[in-house]
Amino acid sequence: MQSTLQKIEREFEAALASAGADPKVVDEVRVRYLGRKGEITGLMKQLRELPKDQRKEAGQAINRLKRSVQERLENAIAAASSAQRDAALAGERADVTLPPLRPWAGSLHPVTQTRRELERVFRDLGFTIEDGPEVEDDFHNFQALNMPPDHPARDATDTFYLADGNVLRTHTSPVQIRTMETRRPPIKMICPGRVYRRDLDATHLPMFHQLEALVVGEAVSMADLKGTLEALWTGFYGAEIRMRLRPGYFPFVEPGCEYDISCRVCGGDGCRVCKRSGWIELGGAGMVHPAVFEAVGIDPQRYSGFAFGLGIDRIAMMRHGIDDLRLLMENDVRFLRQFPEQP
Ligand code: FA5
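The shown structure was predicted, so the numbers you read here are calculated from the model rather than taken from an experiment. (Residues numbered from 1 in each chain as written. Predicted model: local features only at pLDDT ≥ 70, side-chain atom pairs only at ≥ 80, totals over all residues. Heavy atoms only, no water.)

The secondary structure content of the protein chain amounts to twelve helices and nine strands. Against the globule reference of 20 Å for 343 residues, the protein chain gives a C-alpha radius of gyration of 44 Å, more extended than a compact globule. With respect to the three principal axes, the spread of C-alpha positions in the protein chain is 140 × 50 × 35 Å. Relative to its 343 residues, the protein chain shows a buried fraction of 42%. Look at the contacts in the protein chain between residues 6 or more apart in sequence, and 66% of them connect residues 24 or more apart. For the protein chain, the exposed surface amounts to about 19300 Å²; the carbon and sulfur share of it is 51%. (Helix = DSSP H or I, 4+ residues; strand = E, 2+ residues; numbered from the N terminus. Rg over C-alpha atoms; globule rule 2.2 N^0.38 Å. Buried < 20%, exposed > 50% of the residue type's maximum accessible area, 1.4 Å probe, protein only. Contact = heavy atoms within 4.5 Å. Areas by Shrake-Rupley, 256 points an atom, 1.4 Å probe, with all protein chains shown as cover.)

Structure representation (structure tokens):
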């Protein structure tokens, strides 16, 4: 029996040594020696076959071997699992010198960027910024702007009518009326905002953005209008920009005009963007019509004023070289990420 025990012990030691630090193999060794059908467990069963006088001594020897094997297995299992944990931790070690992943920060919509830039120029010129409702009544959107119900100019803008007779405002000009109803001259204000028309193609949106400017005071003249427009566009685009006025008709101004700036793409020589003319049309303008002053109770004998409007989306389009306005309202982030200017 003694030599059998020595042989098992030697084999166990060899098996444990070759298991190394692999917890799975160490456990296989445990099963082979101490499992239900293991070699040391089997020795206990063989005790019964020994002569009675040898059983006690052999039993004690087997138990000694069993305890020693158990102890060495526990140590080996602990060492193997701590080696495994160390290896896992080494694999997960963070390199604190690596640059951090930058989260993608949102940015302002190109129309908002353009609106804010325009507002900055107007603030520098001393204008206040006003607001008005997008659902407007007929009086403010049309009548007070010298467009009575049968006026043909109403057909020029395709209007969204609401069931209660109100409209989605077709321009920002009604804010001129609302401002003059509540404030007396001198007035020097702008109103940027959303407007709506039944339009949709590459240069026309059903919802777009306009900016209205109104200046009212004593002896305000057409020269003031031209000077203000020049200050605005050179402030916005730079000193090399040239501007011109052309006659134009809007019922709420007299005289009325449209204004162009020299094409920024070709510098005025003529190209595809300006349709070979060298000029880009930006909006309408003119001297406030006496009928408008009368509608809001301002004396047209004493006061005069000018107003102009512009399309913010069209300016954003030119500024960023966008060839289809519809891209601006689709809100596809792949498009918007190309204009990453931060607030
Ligand atoms: C007007 O709306 C006048 N209220 C402007 C005005 C104000 C004239 C004060 C005189 C005094 P108009 O319909 O031309 O004018 O529009 C002004 C600008 O809005 C246009 O030059 C263009 O840049 C822009 N615009 C017009 N329709 C659309 C549209 N569907 N989508 C995008 N931009 C548009």
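What follows deals with the sheet that holds strand 9 (residues 304-311). Within the open sheet, the seven strands sit side by side as 1-4-5-9-8-7-6. Their pairing is mixed. Whereas interior strands pair on both sides, the edge strands pair on one side only; in this sheet they are strand 1 (128-129) and strand 6 (243-247). Here five bridges tie strand 8 (residues 279-288) to strand 9, and the two strands are oriented antiparallel to one another. Along strand 9, the bridge assignment pairs Gly283 with Leu310. On the sheet, helix 7 (residues 174-182) packs against strand 4 (187-196), strand 5 (207-217) and strand 9 and is oriented at approximately 140 degrees with respect to strand 4. (Pairing = 2+ DSSP bridges. Axes fitted to C-alpha atoms, helices over the stretch in contact; angles between N-to-C directions.)

This part is about the nonpolar core. In this structure, Leu118, Trp233, Phe308 and Leu310 are the most contacted members of the largest nonpolar core, which totals 45 residues. If we ignore the near neighbours within four places in the chain, the residues touching Trp233 are Leu118, Gly238, Ile241, Met243, Tyr259, Ile261, Leu282, Leu310 and Ile315. One finds Val175, Leu214, Val253 and Ile298 within the second-largest nonpolar core, a separate group that totals 23 residues. (Core = buried A, V, L, I, M, F, W, Y, C linked by side-chain atoms within 4.5 Å.)

Turning our attention to the environment of Arg242. Positionally, Arg242 belongs in the loop between helix 8 (222-237) and strand 6. Between the C-alpha atom of Arg242 and that of His204, which follows or precedes it by 38 residues, the distance is 25 Å. Not counting residues within four places of it along the chain, the set of residues in contact with Arg242 comprises Asp260, Ile261, Ser262, Gly267, Gly268 and Trp279. Separated by 3.4 Å, the side chain of Arg242 and the backbone oxygen of Gly267 make a polar contact. (Polar contact = N/O pair within 3.5 Å; in protein donor to acceptor, adjacent residues only side chain to side chain.)

Here we come to the domain arrangement of the protein chain. Each assigned domain of the protein chain is listed here: domain 1 (2-92) and domain 2 (110-336). One C-alpha centre belongs to domain 1, the other to domain 2; they are set 92 Å apart. (Domains from an automatic or database assignment.)

Moving on, we come to the site of the ligand. Close to the ligand lie 24 residues; His171, Ser173, Arg197, Leu205 and Gln210 are nearest. At 2.9 Å, a side-chain N or O of Ser173 approaches a nitrogen atom of the ligand. The separation between a nitrogen atom of the ligand and a polar side-chain atom of Asp199 is 3.0 Å. For the ligand, whose accessible area on its own is 680 Å², the fraction buried by protein is 92%. Secondary structure elements with two or more residues in the shell around the ligand: strand 5, strand 8 and strand 9. Taken together, the residues of the shell around the ligand sort by class into ten nonpolar, ten polar and four charged. (Near = heavy atom within 4 Å. Nonpolar A, V, L, I, M, F, W, Y, C, P; charged D, E, K, R; others polar.)

All right, on to the side chain of Arg169 then. As for its position among the elements, Arg169 is in the loop between strand 3 (167-168) and helix 7. A polar side-chain atom of Arg169 sits 3.4 Å from the main-chain carbonyl oxygen of Pro133. Among the polar contacts listed, one links the side chain of Arg169 to the backbone oxygen of Arg194, at a separation of 2.8 Å. Non-local contacts of Arg169, meaning those with residues more than four positions away in its chain, are made with Gly132, Pro133, Glu134, Glu136, Asn141, Pro174, Val175, Gly193, Arg194, Val195 and Tyr196.

The next thing to look at is the pattern of salt bridges. This model, assessed by the stated rule, comprises 19 salt bridges. One salt bridge connects Glu117 with Arg120, and the closest N-O pair in it is separated by 2.9 Å. Highlighted residues: Glu117 and Arg120, both in helix 5 (residues 110-124), separated by three residues, approximately one helical turn. Given the relative accessible area of 22%, Glu117 is considered partly exposed. Taking relative accessible area as the criterion, Arg120 reaches 36% and is therefore assigned partly exposed. With a shortest N-O distance of 2.8 Å, Glu136 and Arg178 are connected by a salt bridge. Taken together, the positions of Glu136 in strand 2 (residues 135-136) and Arg178 in helix 7 put the pair 42 residues apart, joining distant regions of the chain. Exposure remark for Arg178: the relative accessible area of 25% places this residue in the partly exposed category. Several salt bridges converge on common partners, so that one network encompasses Arg244, Arg246, Glu258, Asp260 and Glu281. (Salt bridge = Lys/Arg side-chain N within 4 Å of Asp/Glu carboxyl O.)

Right, let's get into the packing of aromatic side chains. Tallied over the full model, the rule gives eleven aromatic pairs. A centroid spacing of 6.0 Å and a plane angle of 40 degrees characterise the contact between Phe250 and Phe252, whose relative ring orientation is tilted. Through a chain of ring-to-ring contacts, the aromatic side chains of Phe122, Phe127, Trp233, Phe236, Tyr237, Tyr259, Phe306 and Phe308 assemble into a single cluster. (Phe/Tyr/Trp six-rings, centres within 6.5 Å; stacked < 30°, edge-to-face > 60°.)

A few words on unusual backbone geometry. Put simply, Pro185 and Pro186 share a cis peptide bond, and its omega is 5 degrees. Mapped onto the elements of the fold, Pro186 is located in the loop between helix 7 and strand 4. Cis geometry marks the peptide bond from Glu254 to Pro255; its omega dihedral reads -5 degrees. Tracing the chain through its elements places Pro255 in strand 7 (residues 253-262). Here Asn146, not a glycine, exhibits a phi torsion of approximately 70 degrees, which is positive. Tracing the backbone shows Asn146 in the loop between helix 6 (138-141) and strand 3. A relative accessible area of 22% places Asn146 in the partly exposed class. Of note in the backbone geometry, Ala219 takes a positive phi value of approximately 60 degrees without being a glycine. Within the secondary structure, Ala219 sits in the loop between strand 5 and helix 8. Judged by its relative accessible area of 67%, Ala219 is exposed.

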